[in-house]
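For reference, the chains in residue letters:
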Amino acid sequence: MKISIALQTDKTAAEYIALAQLINQYDFDVVSVYCDAPFHPSYGPLLLMAPHITRARLGPAAVPPTRIHPIDIAAQTALLADVAQGGVYIGLARGAWLADHGITDSSIQTIREAAAVIRYLLAGGSDGYEGQIFRLAPHVRPPYPTPLEPIPLLIGSWGRKLCALAGEIADEVKVGGSANPAIVPVIRSYIAEGSARSVGIVLGAVTVVDEDRDLARAAARRSVALYLPVVAPLDPTVQVEPELVSRLQKLVEANDLESAMRLISDELLQCFAFAGNPADVIEHALSLHAKGVARVEFGTPHGLSSAHGINLIGEKVIPALRSAI
């Protein structure tokens, strides 16, 4: 099981650089940034961080093609690949919260064609592309240097149809906002509907690590409250009353996170976050490894302060996971 860390794109340029320098001190396999609306799109932060990360692979988890056009995803990926010392990956997803910002949701066909356009351009294609949604004229060619090697593709999804598509065309599926071991066989069965080939399953979620587990879990509840109305209804292994989801949504929209967090039970928190002291997080991550998760991704905010959380993950969690695995 590989270990990665993910950052929300709500920082200053100096903060991205400082966090990249801190992360680089530890043995992470992958460093991801989100592409949630209305935060910074992924590639600016990734390009700021790339010169300071020498080992880990970099990528966005994940970009909706209706927010960033595939020709721009390809171009920015090529530029990132030129400076990323540990390699890059591409992450595509349908996206969340897009309607709130007047952006159309991506269909399954949009994801399929976006992946094809990106791969066409990064491979230096010159024959054109004619899809139902995207089109490139035969004379359209990438005017920038392209990577020498194919770049891995991740698709973010909880759904049967998009996971099946990932089984056809992707290297990884990320279940964003989940830390639930029970979802793993479900996602694996969805992937198998598209292909019998091996596709890695990635689980990533809100992470808060601190020596004081009670403080860590309280902070995680506050962060999870933002995401739970979106992700909880997507998990078929978790029973959440629609009334609870509706109440959470209204409290989040009113920015009353203190009230929202009080609605999140210990059982729900365990399914949708990594939270507690280092021993808690180690045990939780190992439960995912036992289910065959290919990569676990520790997401924002990492700790009561991001730097302290990253230090604990790097110094306590990663060595223990490496040793156990």
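In what follows, the structure referred to is the one given above.
Trainee: Explain the overall build of the protein to me, and be specific about the residues and the numbers.
Mentor: Check the secondary structure of the protein and you find 12 helices and 11 strands. Its C-alpha atoms give the protein a radius of gyration of 19 Å, within 12% of the compact-globule value 20 Å for 325 residues. Considering only C-alpha atoms, the protein reaches an extent of 60 × 45 × 40 Å along its principal axes. Looking at the protein as a whole, 54% of its 325 residues qualify as buried. Within the protein, contacts between residues at least 6 apart in sequence are counted, and of these 75% link residues at least 24 apart. Only carbon and sulfur atoms are counted for the fraction: they give 53% of the accessible area of the protein, which is about 13700 Å². Positive and negative charge centroids in the protein, built from 26 and 33 side chains respectively, lie 4 Å apart.

Trainee: So what's going on with unusual backbone geometry? Residues and values would help.
Mentor: Cis geometry marks the peptide bond from Ala37 to Pro38, where omega comes out at 5°. Tracing the backbone shows Pro38 in the loop between strand 2 (30-33) and helix 2 (43-49).

Trainee: Lay out the side chain of Thr77 with the relevant residues and their values.
Mentor: Within the secondary structure, Thr77 is located in helix 3 (residues 70-83). A polar side-chain atom of Thr77 sits 2.9 Å from a polar atom in the side chain of Tyr43.

Trainee: So what about the nonpolar core? Which residues, and what values?
Mentor: Counting 105 residues, the largest nonpolar core has Leu92, Ile187, Leu228, Phe272 and Phe298 as its most contacted members. Looking at this core element by element, the count peaks at eight residues for helix 4 (residues 108-122). In this structure, Phe298 is in contact with Ile3, Ser4, Ile5, Ala6, Ala205, Thr207, Phe274, Val281, Ala285, Ile313, Val317 and Leu321, ignoring residues within four places of it in sequence.

Trainee: Any chance you could break down the pairing of strand 11 (residues 295-302) for me, citing the residues and the numbers?
Mentor: Across the eight residues that make up strand 11, a large majority, seven, are buried. The pairing of strand 1 (residues 2-7) with strand 11 spans four bridges and is parallel. Following the sheet pairing, Ile3 is matched in strand 11 by Val296. Two elements, strand 9 (residues 200-209) and strand 11, share six bridges in a ladder whose sense is parallel. Looking at the pairing, Val206 lines up with Gly299 of strand 11.

Trainee: Please provide a residue-by-residue account of the packing of helix 1 (residues 13-23) against helix 12 (residues 306-324), values included.
Mentor: Orientation of helix 1 relative to helix 12, taken along the N-to-C sense of each, is 15°, at an axis distance of 10 Å. Classified by the angle their axes make, helix 1 and helix 12 are roughly parallel. Where helix 1 crosses over helix 12, the handedness of that crossing is right-handed. Contact with helix 1, carried on its side by Leu19, Leu22 and Ile23, involves Ser306, Ala307, Ile310 and Asn311 of helix 12 and no other residues of that element. Here the contact of helix 1 with helix 12 is built from residues that sort into five nonpolar, two polar and no charged.

Trainee: Please give an account of empty space enclosed by the protein that cites residues and values.
Mentor: Counted under the stated rule, the structure contains two cavities of 30 Å³ or more. In this structure, the largest cavity occupies an estimated 40 Å³ of space. Lining the largest cavity we find Ile23, Asn24, Tyr26, Phe28, Val31, Ile53, Arg55 and Ala56. Residue classes in the lining of the largest cavity are distributed as six nonpolar, one polar and one charged. Taken as a whole, the second largest cavity encloses approximately 30 Å³ of empty space.

Trainee: Residues and numbers for the environment of Ile111, please.
Mentor: Along the polypeptide, Ile111 turns up in helix 4. By relative accessible area, which is 0% here, Ile111 ends up buried. When the C-alpha positions of Ile111 and Asn24 are compared, they lie 32 Å apart, and in sequence the two are 87 residues distant. Setting aside anything within four residues of it in sequence, one finds Ile111 in contact with Pro65, Leu92, Ala93, Arg94, Ser106, Ile155, Leu162 and Leu165.

Trainee: Tell me what's going on with the layout of surface pockets, and back it up with residues and numbers.
Mentor: One number sums up the size of the largest pocket: a volume of about 750 Å³. Along its surface, the largest pocket is lined by 34 residues, and Gly95, Ala96, Trp158, Gly176 and Val231 are the ones closest to its centre. Listed by contribution, the elements that provide at least two residues to the lining of the largest pocket are strand 7 (153-156), strand 8 (172-176), strand 9 and helix 7 (213-231). Of all the elements, helix 7 adds the most residues to the lining of the largest pocket, at five residues. Tallied by class, residues from the lining of the largest pocket come to 22 nonpolar, eight polar and four charged. Of the voids in this model, the second largest pocket is the one considered here, and its volume is about 630 Å³. Taken together, 29 residues make up the lining of the second largest pocket; nearest its centre are Ala37, Phe39, Trp97, Leu226 and Tyr227. Elements with a contribution of two residues or more to the lining of the second largest pocket: helix 7, helix 8 (242-253) and strand 11. With six residues, the top contributor of residues to the lining of the second largest pocket is helix 7. When the residues that make up the lining of the second largest pocket are grouped by side-chain class, the tally is 16 nonpolar, seven polar and six charged.

What counts and what doesn't
Residues numbered from 1 in each chain as written. Predicted model: local features only at pLDDT ≥ 70, side-chain atom pairs only at ≥ 80, totals over all residues. Heavy atoms only, no water. Helix = DSSP H or I, 4+ residues; strand = E, 2+ residues; numbered from the N terminus. Rg over C-alpha atoms; globule rule 2.2 N^0.38 Å. Buried < 20%, exposed > 50% of the residue type's maximum accessible area, 1.4 Å probe, protein only. Contact = heavy atoms within 4.5 Å. Areas by Shrake-Rupley, 256 points an atom, 1.4 Å probe, with all protein chains shown as cover. Lys, Arg positive; Asp, Glu negative; His and termini not counted. Charge placed at Lys NZ, Arg CZ, Asp CG, Glu CD. Polar contact = N/O pair within 3.5 Å; in protein donor to acceptor, adjacent residues only side chain to side chain. Core = buried A, V, L, I, M, F, W, Y, C linked by side-chain atoms within 4.5 Å. Pairing = 2+ DSSP bridges. Axes fitted to C-alpha atoms, helices over the stretch in contact; angles between N-to-C directions. Parallel < 35°, antiparallel > 145°, perpendicular 65-115°, else oblique. Left-handed = near helix turned anticlockwise from the far one by under 90°. Nonpolar A, V, L, I, M, F, W, Y, C, P; charged D, E, K, R; others polar. 1 Å grid on protein atoms, 1.4 Å probe; cavity = no way out; pocket = protein on both sides within 12 Å on 5 of 7 lines; lining within 4 Å. Points joined across faces, edges and corners; volume = space filled by probe spheres on them.

Note that every value here comes from positions in space, so none of it alone points to a role or purpose.
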